[in-house]
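Topology and contacts: notes
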There are 2 protein chains.
Amino acid sequence: MAATVNQDLRRERAAASFNPDLLTHILDGGAENTRRRREIENLILRDPDFFQHEDLNFLTRSERYELAIKKSATMVKKIRDFGISDPNEIMWFKKLNQIVFVEPVSVHYLMFIQTLLNQGTSAQQEKWLLSSKRLEIIGTYAQTELGHGMFLPTLLHQATAEQQERFFMPAWSLEIIGTYAQTEMGHGTHLRGLETTATYDPETQEFVLNSPTVTSIKWWPGGLGKTSNYAIVLAQLYTKGKCYGLHAFIVPIREMGTHKPLPGITVGDIGPKFGYDEVDNGYLKMDSYRIPRENMLMKYAQVKPDGTYVKPVSNKLTYGTMVFVRSLLVKDAAQCLSKACTIAIRYSAVRHQSEIEPGEPEPQILDFQTQQYKLFPLLATAYAFHFVGAYIKETYHRVNEDIGQGDLSELPELHALTAGLKAYTTWTASSAIEACRMACGGHGFSHCSGLPSIYVTFTPTCTFEGENTVMMLQTARFLMKSYDQVRSGKLLCGLVSYLNDLPSQRIQPQQVAVWPAVLDISSPDSLTEAYKLRAARLVEIAAKTLQAELSHRKSKEVAWNLSSIDLVRASEAHCHYVTVKLFSEKLPKIQDKSIQAVLRNLCLLYSLYGISQKAGDFLQESILTDSQIAQVHQRIKELLTVIRPDAVALVDAFDFQDMSLGSVLGRYDGNVYENLFEWAKKSPLNKEEVHKSFYKYLKPLQSKL
Amino acid sequence: MAATVNQDLRRERAAASFNPDLLTHILDGGAENTRRRREIENLILRDPDFFQHEDLNFLTRSERYELAIKKSATMVKKIRDFGISDPNEIMWFKKLNQIVFVEPVSVHYLMFIQTLLNQGTSAQQEKWLLSSKRLEIIGTYAQTELGHGMFLPTLLHQATAEQQERFFMPAWSLEIIGTYAQTEMGHGTHLRGLETTATYDPETQEFVLNSPTVTSIKWWPGGLGKTSNYAIVLAQLYTKGKCYGLHAFIVPIREMGTHKPLPGITVGDIGPKFGYDEVDNGYLKMDSYRIPRENMLMKYAQVKPDGTYVKPVSNKLTYGTMVFVRSLLVKDAAQCLSKACTIAIRYSAVRHQSEIEPGEPEPQILDFQTQQYKLFPLLATAYAFHFVGAYIKETYHRVNEDIGQGDLSELPELHALTAGLKAYTTWTASSAIEACRMACGGHGFSHCSGLPSIYVTFTPTCTFEGENTVMMLQTARFLMKSYDQVRSGKLLCGLVSYLNDLPSQRIQPQQVAVWPAVLDISSPDSLTEAYKLRAARLVEIAAKTLQAELSHRKSKEVAWNLSSIDLVRASEAHCHYVTVKLFSEKLPKIQDKSIQAVLRNLCLLYSLYGISQKAGDFLQESILTDSQIAQVHQRIKELLTVIRPDAVALVDAFDFQDMSLGSVLGRYDGNVYENLFEWAKKSPLNKEEVHKSFYKYLKPLQSKL
């Protein structure tokens, strides 16, 4: 097949200044990782059980849902067959399938792995899992595909040993397919506002579950609509006339065997969405629905048979799990943006259009400066986010080890950082993916480009697992706390240590003014310093705004709200600084000189582009001078030209197989047009030569006019 | 029904500082226009023939296509029945229908109205149209729905009288349903690159049409896929061994009566896209397909029976039509963004979430500063774009009258301006609509919000009718020409007259430095001056870049390409200036003081927000000082608070009926949640209690595990 590769792409690849395979190894964290990842990918991509089906874009929602269920069922068996046991490998396995279809339950299954890895060393876990053998544990991960989501993790975490025994085995054999019903129609982020009630009735020793208002209807849980027959329901617990807040209950919702909704239960699909067609996000309404007392998850809090409430002994925050999931979302931002860049850049190398010189052949659109300016900063961003993702993963594992040794000191910063970086990377990647789509012109609108699907599958990450603005404000809370600590004389460490050097803290305030003279816009380290100064300045501005609002005798909360624009800006600047810093710190660690050189250019482009977009922030307080900003602008243009010959090799290094890209425009072989035509011919509207509407409406109209 | 309006919205409306009806009149251009628009809207919205069908989000593409055909057929008759004859009113009529479904042929039908109005006064037109009675002309517009698109305008414009007679009557009675096949798989913007050939065969006096390569397959024409039986095909004309460039040919593609593709023709639908589900954008491949010589449109150029080519006498550019269509897209940007703002702001007034003060009731999310900061600048943008749209429309009519009197002097500027403003407003509105969607949190992802559909229907405007980057560069070309004229001593007039005052032109260069002292950030006029200086500066930078590239002995075209980032920036700054200027000039014309006050605040917010986003541009060359930028930031926060009580009334004034909004979240009565539930219950996945995949995959798996 290599012989048929499009000649433009062949020429591009031949001219690259580096070996993309070596860069792939860097992204994978080592050649051995690359080898094993490819091995697993091939297991899946060459398995007809997974990929012998019509293009998803041609299917109805119901057909897509059915296919997703079929694939999930297949996966349960395949993972066992293949003997894949490493959690990372499981993740590759699933990711690859997620590329072509979104499973009935999305990222939540990872919560399960996480709970298992973090809390699975106890004797209890042995019992819960019936077998501690790796292979069987993995069997359980796979089950989460079938609607279990947060169901099993919650069961493992909060159920008593008796409850584990009662529910785990049926869940294991898929008699119970569970989901986790937390979000309500009227309440997402703010959990305390949830309205579902569970009122204890000591007469019958049952809880009576109610959805007292329309806003209290459970809304969104994945797999709830059609797939699950059980749900773990979060509800306000009432006993002896008093409310004790949110607790979790195991609730059967459909009859075993027939799968029909049980009396008192109203359950269904919430309707079509922007993407996620395969997922049966559902609603659940309960009307005086009774469950036995024993179905309350009672490992921590309890309700005694007489209705006495027993407070939980400890109620630890699960910081670790949140950090883990958010770190995956950063990785996902990097991956999805990398895919979009791969498609847009390969297509731009294949597509010829217009003319630069009259009479000359039409150039590749990648030769237009405006096209390079649209795409290369996004390519640089994709690389930046890969390194951010890798950093969070490493840090998470290190901090986790520290926690194992009783040292929790780094956790708050890591938690605050991942919140902000989740928001920063998902917002950036979301709009960047759309920019890639629009850079492909008309064909970018076609579903065969793969880009619309990448976008609608990715953009929800801005909202789920913590709405981005809320996330930014969490990071801001940490930054404000750090700022206060500096003001009270404490020396900070970690990524916020730059606050120690705040101008207002320094003995020699003129240092800032001295700075621009030494700034070298060709030095990643120097640019990192500039971002650091910007972050410090914006943190200080936010802190001063907050102080000013407080001094007007507003309450702390009102003052916080009235400062929140500044707080979000500070968080963004902090995250931007961290990203630039991590990218530039990666460079000296790269052995291969040619790769180091090309990544250095990407790092410079990423940093300089950010400066040019936020020039006001850098000009204020003279972090950079007017003429430096003009130089930044000039340097960006030079970098576009420098990066141009390596652009295709840089996306090749992301190492997406065609089947996982799912794009006619982004094919490795560049044979775009013939495959565009082949794809279109299979479109459902082409199945009948003459559409029935001709006979129904057009022909009758013709005879009338 | 008024009694059931959500109490939050009732409170918001009661507290508004102005009467939204009066503002609606301003947007409509007078109370009488509002009255008549509502009258026509009610004719359609209350007509069960148009709106008695299932929610479009629940239908397959084939079902949506069928519904669109049905509606188009209905419309042909209804417009006659209702006796609607004013072109503006026809536009409202169609717009309203476009809201709920995208017709098989989109904006192109407007090209027809345009051609008719511009070129329809000749005696020839009388003949073409068979009747000059208004009502029948309108019948013809309506036909364009059924796949005619550019077909009829081209016919009217380029066909000989004989051809008119031969093709017009069948098209009129819908025996011929035509489309306009220009774009090819490999070529969009750059028409000269089109590859389809029409080779004259003097033996048979026929043209032989061929799609010689895969890239030459006609691709995208609306209504080509399934609906049309004729196409006007653009092809490279060959006769006597020589190529004479692009010409238009009338090509039958499907058999009359049976609607089956004719031998030699391969035609079909190009497959599903990001939106426009109802539209059968199609492909057309021709293999030595013969048409009579007489099917070449020969009003201008001709091929004689012996194959002799006769050059066209004149080949005038149709500037006017392009201006007209682009002006409609600016209006469309304003309308679609207004809709998105209406939905997001009403929902934000109804939605309660989280807490500002602990223990207090959950506030409306519109009370969060971050939410106001997300939405109010977009609301201000929507208003700004309404006034830009109105200005272009007025100017277009004025310039058209001048042209009637032989004065073409203003046309080049208007043409250049509309290109840039089309790009500027569609880019801005496209990302703003997505921002509105994301500001609605989880429910914004549901199709019931209406926001995904508004986005996917609107975002193609960034690409069609002139790709936005290409449009920006067209404006830049005019700006560069104007700059050169100033340099050569000519005094400019019109919107580019600020270039007369370029610092480099002035006798006293220190004026710029003096400027910031007198800037009043609370004065729209003063802010307009700031935008003017910024535009002047960026135009000059682009011109200097271009000069510098040229001086390096690069060709003019290469230099242009290497300056194109700067050129686009200059165009953007010019369009931004024009928008600010038009908004601020609108204010003194508003009689009602309360409305003037609220629009003044929106104008200030629009202008200041733009400055804060592009602070670097204003800081450089000291258009604004550091401390002024800080004040801008502070003033924006104050304006959010000032606008807050009027936010709902400001979107009410856009006057969208619920049926045309198509959004559960944006309902006028604010009864969001109960209707969310009602909508979901009708979702196709809920039609069967148990999905068939349960029996096919889940139940068998349960018994195996």
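Just so we're clear, the structure is a prediction, and the values are computed from it rather than from any experiment. (Residues numbered from 1 in each chain as written. Chains lettered and ligands numbered in written order. Predicted model: local features only at pLDDT ≥ 70, side-chain atom pairs only at ≥ 80, totals over all residues. Heavy atoms only, no water.)

**What about the nonpolar core?**
Counting residues in hydrophobic clusters, the biggest one holds 280 residues, and the most contacted among them are Trp-219 and Tyr-383 of chain A together with Trp-219 and Tyr-383 of chain B. The residues touching Tyr-383 of chain A, leaving out its near neighbours within four places in the chain, are Leu-23, Leu-27, Phe-583, Leu-599, Leu-602, Leu-650, Ala-653 and Phe-654 of chain A. (Core = buried A, V, L, I, M, F, W, Y, C linked by side-chain atoms within 4.5 Å. Buried < 20%, exposed > 50% of the residue type's maximum accessible area, 1.4 Å probe, protein only. Contact = heavy atoms within 4.5 Å.)

**Overview of the interface of chain A and chain B**
Facing the 136 residues of chain A at the interface are 135 residues of chain B. If you sort the residues of chain A by the area they bury against chain B, Phe-274, Phe-445 and Ile-565 of chain A come out on top, with a joint share of 7%. Scanning the region where chain A abuts chain B turns up 55 residue pairs in polar contact (both at pLDDT 80 or more). For the side of chain A that touches chain B, the element with the highest residue contribution is helix H27 (residues 692–704) of chain A, accounting for 11 residues. Of the residues assigned to the side of chain A that touches chain B, the class counts are 53 nonpolar, 47 polar and 36 charged. (Buried area = accessible area lost by both parts, 1.4 Å probe. Polar contact = N/O pair within 3.5 Å; in protein donor to acceptor, adjacent residues only side chain to side chain. Helix = DSSP H or I, 4+ residues; strand = E, 2+ residues; numbered from the N terminus. Nonpolar A, V, L, I, M, F, W, Y, C, P; charged D, E, K, R; others polar.)

**Structural notes on the relation of the copies chain A and chain B**
The second copy of the chain is related to the first by a rotation about an axis and a shift along the axis. Once chain A has been moved 0.0 Å along the axis and rotated by 180 degrees, it coincides with chain B to within an RMSD of 0.1 Å. Here the two chains are linked by the operation of a two-fold rotation axis. The rotation axis passes nearest to the C-alpha of Gly-616 of chain A in chain A, at a distance of 1.9 Å. Taken together, the interface assignments show that 99% of the residues at the interface of chain A recur at the interface of chain B, consistent with an identical surface on both copies. (Least-squares fit on C-alpha atoms with pLDDT ≥ 70 in both.)

**Quick notes on the sheet that holds strand E4 (residues 218–219) of chain A**
If you trace the 3 strands from one edge of the open sheet to the other, you get E4-E8-E7 (chain A), paired in antiparallel fashion. Looking at which strands have only one partner, the edges of the open sheet turn out to be E4 and strand E7 (265–269) of chain A. Of the pairings in the sheet, the one linking E4 of chain A to strand E8 (residues 282–286) of chain A comprises 2 bridges and is antiparallel in character. By the bridge assignment, Trp-219 of chain A is partnered in E8 of chain A with Tyr-283 of chain A. Strands in contact with helix H26 (residues 672–681) of chain B are E4, E7 and E8 of chain A; relative to E8 of chain A, the strand with the most contacts, it is inclined by about 115 degrees. (Pairing = 2+ DSSP bridges. Axes fitted to C-alpha atoms, helices over the stretch in contact; angles between N-to-C directions.)

**As for the pairing of strand E2 (residues 197–201) of chain B**
Residues and elements named next belong to chain B. Burial analysis of E2 places 4 of its 5 residues in the buried class, which makes it a mostly covered element. With 5 bridges joining them, E2 and strand E3 (residues 206–210) adopt antiparallel strand pairing. Paired with Thr-199 across the strands is Val-208, a residue of E3. Bridging between E2 and strand E5 (residues 230–239) involves 3 bridges; their strand directions are parallel. Paired with Ala-198 across the strands is Leu-237, a residue of E5.

**Structural notes on the confidence of the model for chain A**
Residues and elements named next belong to chain A. Summing up the model confidence of chain A, the mean pLDDT is 85 and the portion of residues at 70 or higher is 84%. Ignoring residues within four places in sequence, the model shows residues 507–514, a span with pLDDT below 50, making 5 contacts including any to other chains. Here the predicted complex carries an ipTM of 0.92, next to a pTM of 0.92. (pLDDT = per-residue confidence, 0-100.)

**A look at the pattern of salt bridges**
All names here are of chain B. Using the criterion set out here, one finds 72 salt bridges over all chains in the structure. A salt bridge links Arg-35 to Glu-39, with the nearest nitrogen and oxygen atoms 3.4 Å apart. Taken together, the residues Arg-35 and Glu-39, both in helix H3 (residues 31–45) and 4 residues apart, mark about one turn of the helix. Using a relative accessible area of 42% as the deciding quantity, one classes Arg-35 as partly exposed. With its nearest N and O atoms 2.5 Å apart, the salt bridge here joins Arg-398 to Glu-410. Residue Arg-398 is found in helix H13 (residues 369–404), and its partner Glu-410 is found in the loop between H13 and helix H14 (411–439); the two are separated by 12 residues along the sequence. Residue classification places Glu-410 among the partly exposed residues on the basis of a relative accessible area of 32%. (Salt bridge = Lys/Arg side-chain N within 4 Å of Asp/Glu carboxyl O.)

**Re the packing of aromatic side chains**
Given two aromatic rings, one states the distance between the centres and the angle between the planes to describe the pair. Per the stated rule, a full pass over the model turns up 33 aromatic pairs over all chains. The interplanar angle of 80 degrees and the centroid separation of 6.3 Å between the aromatic rings of Phe-274 of chain B and Tyr-455 of chain B together place this pair among those described as edge-to-face. With a gap of 181 residues between them, Phe-274 of chain B in the loop between strand E7 (265–269) and strand E8 (282–286) and Tyr-455 of chain B in helix H15 (residues 451–458) connect regions that are remote in the sequence. Geometrically, the ring pair formed by Tyr-498 of chain B and Tyr-577 of chain B is edge-to-face, given 5.0 Å between the ring centres and 80 degrees between the ring planes. Here Tyr-498 of chain B is found in the loop between helix H16 (468–487) and helix H17 (511–514), whereas its partner Tyr-577 of chain B is found in helix H20 (residues 564–586), with 79 residues between them in sequence. Judged by its relative accessible area of 3%, Tyr-577 of chain B falls in the buried class. Members of the aromatic cluster, joined through ring pairs, are Phe-274 and Tyr-455 of chain A together with Phe-274 and Tyr-455 of chain B. Lying over the aromatic face of Tyr-668 of chain B, Arg-13 of chain B brings its terminal NZ or CZ to 3.6 Å of the ring centre. (Phe/Tyr/Trp six-rings, centres within 6.5 Å; stacked < 30°, edge-to-face > 60°. Lys NZ or Arg CZ within 6 Å of the ring centre and 35° of its normal.)

**Observations regarding the sheet that holds strand E4 (residues 218–219) of chain B**
In space, the 3 strands of this open sheet follow the order E4-E8-E7 (chain B), with antiparallel pairing throughout. Of all strands in the sheet, those with a lone pairing partner are E4 and E7 of chain B, marking the two edges. Its contacts with the sheet place helix H26 (residues 672–681) of chain A against E4, E7 and E8 of chain B, and it is angled at close to 115 degrees to E8 of chain B.

**Some words on the packing of helix H20 (residues 564–586) of chain A against helix H21 (residues 593–613) of chain A**
Residue and element names in this part refer to chain A. The contact between H20 and H21 brings their axes to 10 Å, and the two run at 165 degrees. In terms of axis orientation, H20 runs roughly antiparallel to H21. As for how H20 packs across H21, the hand of that crossing is left-handed. Where H20 abuts H21, its residues His-576, Thr-579, Val-580, Phe-583 and Ser-584 lie against Leu-599, Leu-602, Cys-603, Tyr-606, Ser-607 and Gly-610. For the contact of H20 with H21, the per-class residue count stands at 6 nonpolar, 5 polar and no charged. (Parallel < 35°, antiparallel > 145°, perpendicular 65-115°, else oblique. Left-handed = near helix turned anticlockwise from the far one by under 90°.)

**Digging into H26 of chain B**
Where H26 of chain B is concerned, the buried positions are Val-672, Tyr-673, Leu-676, Phe-677, Trp-679 and Ala-680 of chain B. The arc enclosing the buried residues of H26 of chain B, seen along the axis, measures out at 165 degrees, which places them on a common side. (Arc of directions from axis to C-beta.)

**Regarding the UniProt feature "domain: Acyl-CoA oxidase C-terminal" (unreviewed entry) in chain A**
Here, the residues flagged by UniProt with the feature "domain: Acyl-CoA oxidase C-terminal" (unreviewed entry) are residues 524–701 of chain A. For residues 524–701 of chain A, the helix share is 74%, the strand share is 0%, and the end-to-end C-alpha distance is 69 Å. (UniProt positions renumbered as here; feature names shortened; annotations may be inferred.)

**A few points about the state of the cysteines**
Residue and element names in this part refer to chain B. Under the definition given, this model contains 0 disulfides over all chains. The thiol sulfur of Cys-448 is not disulfide-bonded, and the nearest other cysteine sulfur, from Cys-440, lies at 10 Å. The cysteine Cys-493 is free of any disulfide, with Cys-575 supplying the nearest cysteine sulfur at 18 Å. (Disulfide = S-S within 2.5 Å.)

**Structural notes on the side chain of Thr-545 of chain A**
The residue Thr-545 of chain A is located in helix H18 (residues 524–551) in this model. Those residues within four positions of Thr-545 of chain A in sequence are excluded, and the remaining contacts are Leu-562, Ser-563 and Asp-566 of chain A together with Lys-637 of chain B.

**A look at the environment of Val-672 of chain A**
All names here are of chain A. Mapping Val-672 onto the fold places it in helix H26. Through-space distance from the C-alpha of Val-672 to that of Arg-346 is 9.7 Å; in sequence the pair is 326 residues apart. Setting aside residues up to four positions removed in sequence, Val-672 forms contacts with Tyr-347, Val-350, Val-664 and Leu-665.

**Some points on helix H18 (residues 524–551) of chain B**
An α-helical turn contains 3.6 residues, so a residue and the one three or four places further along point in the same direction. If you check H18 of chain B, its first and last C-alpha atoms are 40 Å apart, about what 28 residues at 1.5 Å a residue would give, namely 40 Å. Within two residues after H18 of chain B, Arg-553 of chain B carries a phi angle of roughly 60 degrees, on the positive side. (Expected span 1.5 Å × (residues − 1).)

**Considerations on the environment of His-352 of chain A**
Looking at the element boundaries, His-352 of chain A is found in the loop between helix H12 (319–350) and helix H13 (369–404). In the structure, His-352 of chain A is positioned 114 residues away from Tyr-238 of chain A in sequence and 68 Å away in space, judged by C-alpha atoms. Leave out the neighbours within four places in its chain, and His-352 of chain A touches Asp-8, Glu-362, Pro-363, Gln-364 and Ile-365 of chain A together with Gly-186 and His-187 of chain B. At 2.8 Å, the side chain of His-352 of chain A forms a polar contact with the side chain of Asp-8 of chain A.

**Describing the environment of Ser-497 of chain B**
Residues and elements named next belong to chain B. In this fold, Ser-497 is placed in the loop between H16 and H17. For Ser-497, a relative accessible area of 28% translates into the label partly exposed. A C-alpha to C-alpha distance of 10.0 Å links Ser-497 and Lys-532, two positions 35 residues apart in sequence.

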